[in-house]
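What the coordinates show
If you want the building blocks of each chain, they are given just below.
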Amino acid sequence: MSTMSTFSGDETAPFFGFLGAAAALVFSCMGAAYGTAKSGVGVASMGVMRPELVMKSIVPVVMAGVLGIYGLIIAVIISTGINPKAKSYYLFDGYAHLSSGLACGLAGLSAGMAIGIVGDAGVRANAQQPKLFVGMILILIFAEALALYGLIVGIILSSRAGQSRAD
């Protein structure tokens, strides 16, 4: 007598959930790394001309570093929501977690690129014209807001997991 198990497709759901957690962290950290590196080059270049402005010009590096934290938050939220032994985990849940991770991760990547480019040019320009500092900070805030939008959407999408069926 052979027992044949039926394949519903939901067996692969945790793969998509974990992929979402990894995507959130990896893409956000890529954005953070790029933003830190690009801004850091600008700070180092500017520091040769005006070393007294180095600490004031470190703002873009700090803002880029925060992007990695956004990805970490979503990755932890997603990974704690994946426990197929305790509660059924369907493909809907896996796709919700995947989209959550991609939303946060790709928003963090694009924000990191913007912060890096603005930070590099901004700190160099600030060394030559100190009145540009407030404008640079405002541009950096708007670039950081892009990642914050991704974090918010990621949290909303992640909260949708578990709502596909009544258990």
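Our structure is the block above this text.
Given the structure is predicted, the values throughout are model-derived calculations rather than measurements.

In this section: the overall build of the protein chain. Across its full length, the protein chain holds four helices and zero strands. Traced from its N-terminal end to its C-terminal end, the protein chain shows the element sequence α-α-α-α. In terms of overall dimensions, the protein chain is more spread out than a globule: its C-alpha atoms have a radius of gyration of 21 Å, far above the 15 Å expected for 167 residues. The principal-axis extent of the C-alpha atoms belonging to the protein chain is close to 80 × 25 × 20 Å. Taken over 167 residues, the protein chain has a buried fraction of 41%. Residue pairs in contact within the protein chain that sit at least 24 positions apart in sequence constitute 86% of those at least 6 positions apart. When the accessible surface of the protein chain is summed, it comes to about 8,900 Å², and 73% of that surface belongs to carbon and sulfur atoms.

So, on to the packing of helix α1 (residues 13–49) against helix α2 (residues 59–80). Their axes nearest at 8 Å, the elements α1 and α2 cross at an angle of 175°. Of the possible angle classes, the one that applies to α1 and α2 is roughly antiparallel. The residue makeup of the contact of α1 with α2, split by class, is 13 nonpolar, eleven polar and no charged.

What follows is about the environment of Gly42. Here Gly42 is to be found in helix α1. In this structure Gly42 comes out as buried when scored by relative accessible area, which is 0%. For the pair formed by Gly42 and Gly119, sequence separation is 77 residues and the distance between their alpha carbons is 7.1 Å.

Our next topic: helix α4 (residues 133–160). Helix length check: α4 (28 residues) gives 41 Å between terminal C-alpha atoms against 40 Å at 1.5 Å per residue, within 8%. Of all the positions in α4, only Phe133, Met136, Ile137, Leu140, Ala143, Glu144, Ala145, Ala147, Gly150, Leu151, Gly154 and Ser158 are classed as buried. Those residues of α4 hidden inside the fold are in contact with α2 and α3 (91–128). The first or second residue beyond α4 is Gly162, which carries a positive phi of 95°.

Turning next to the nonpolar core. With 25 residues, the main nonpolar core has Leu67, Tyr70, Ile74, Ile115, Met136 and Leu140 as its most contacted residues. Elements represented by at least two residues in this core include exactly α1, α2, α3 and α4.

Inspection of the entire model under this criterion finds two aromatic pairs. Ring geometry for Phe15 against Phe16: centres 5.3 Å apart, planes inclined by 75°, an arrangement best described as edge-to-face. Residue Phe15 is classed as exposed on the basis of its relative accessible area, which comes to 51%. Here the guanidinium or amino end of Lys56 rests over the ring plane of Phe133, the centre of that ring lying 4.5 Å away.

Thresholds, definitions, all that
Residues numbered from 1 in each chain as written. Predicted model: local features only at pLDDT ≥ 70, side-chain atom pairs only at ≥ 80, totals over all residues. Heavy atoms only, no water. Helix = DSSP H or I, 4+ residues; strand = E, 2+ residues; numbered from the N terminus. Rg over C-alpha atoms; globule rule 2.2 N^0.38 Å. Buried < 20%, exposed > 50% of the residue type's maximum accessible area, 1.4 Å probe, protein only. Contact = heavy atoms within 4.5 Å. Areas by Shrake-Rupley, 256 points an atom, 1.4 Å probe, with all protein chains shown as cover. Axes fitted to C-alpha atoms, helices over the stretch in contact; angles between N-to-C directions. Parallel < 35°, antiparallel > 145°, perpendicular 65-115°, else oblique. Nonpolar A, V, L, I, M, F, W, Y, C, P; charged D, E, K, R; others polar. Expected span 1.5 Å × (residues − 1). Core = buried A, V, L, I, M, F, W, Y, C linked by side-chain atoms within 4.5 Å. Phe/Tyr/Trp six-rings, centres within 6.5 Å; stacked < 30°, edge-to-face > 60°. Lys NZ or Arg CZ within 6 Å of the ring centre and 35° of its normal.

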